[in-house]
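Inside the fold
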Amino acid sequence: MNLFDNAEIAVPCPQCGHENKETLGRLKHDPQIVCGGCAEVITIDSSELKESLQAVDKKLADFRRNLSRLGKR
């Protein structure tokens, strides 16, 4: 489980503009959303989503490592 799996994001519908809210964790496992405004199926690029989350995880790990070094100086 990723730290951000429970984070909710807004996914605008390209068809009607309705703002759909979904968690990152659910989108990783099922990259399709049915728009609450027009019932259009919206497909998220799950590989791009996963790459972005991995990059955020790496930055967060770097940040934690740097914080731990500050306490040792």
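Procedures and definitions
Residues numbered from 1 in each chain as written. Predicted model: local features only at pLDDT ≥ 70, side-chain atom pairs only at ≥ 80, totals over all residues. Heavy atoms only, no water. Salt bridge = Lys/Arg side-chain N within 4 Å of Asp/Glu carboxyl O. Helix = DSSP H or I, 4+ residues; strand = E, 2+ residues; numbered from the N terminus. Buried < 20%, exposed > 50% of the residue type's maximum accessible area, 1.4 Å probe, protein only. Contact = heavy atoms within 4.5 Å.

Under an unreviewed UniProt entry, the protein has the name Phage terminase large subunit family protein and belongs to Ancylobacter polymorphus.

**Comments concerning the pattern of salt bridges**
Within this structure, the stated rule accounts for six salt bridges. The partner of Lys28 in a salt bridge is Asp5, and the shortest N-O contact between them spans 2.9 Å. You can see Lys28 sitting in helix H1 (residues 24-29) and its partner Asp5 sitting in the segment before strand S1 (8-12), a full 23 residues away along the chain. Judged by its relative accessible area of 18%, Lys28 is buried. Of the charged contacts, one joins Arg26 and Glu22 as a salt bridge, the two residues approaching to 3.2 Å between their closest N and O atoms.

**A word on the side chain of Glu22**
Turning to its location among the elements, Glu22 is positioned in strand S2 (residues 19-23). Here Glu22 falls in the buried class, since its relative accessible area comes to 18%. Not counting residues up to four positions away in its chain, the partners in contact with Glu22 are Ala7, Glu8, Ile9, Leu27 and Ile33.

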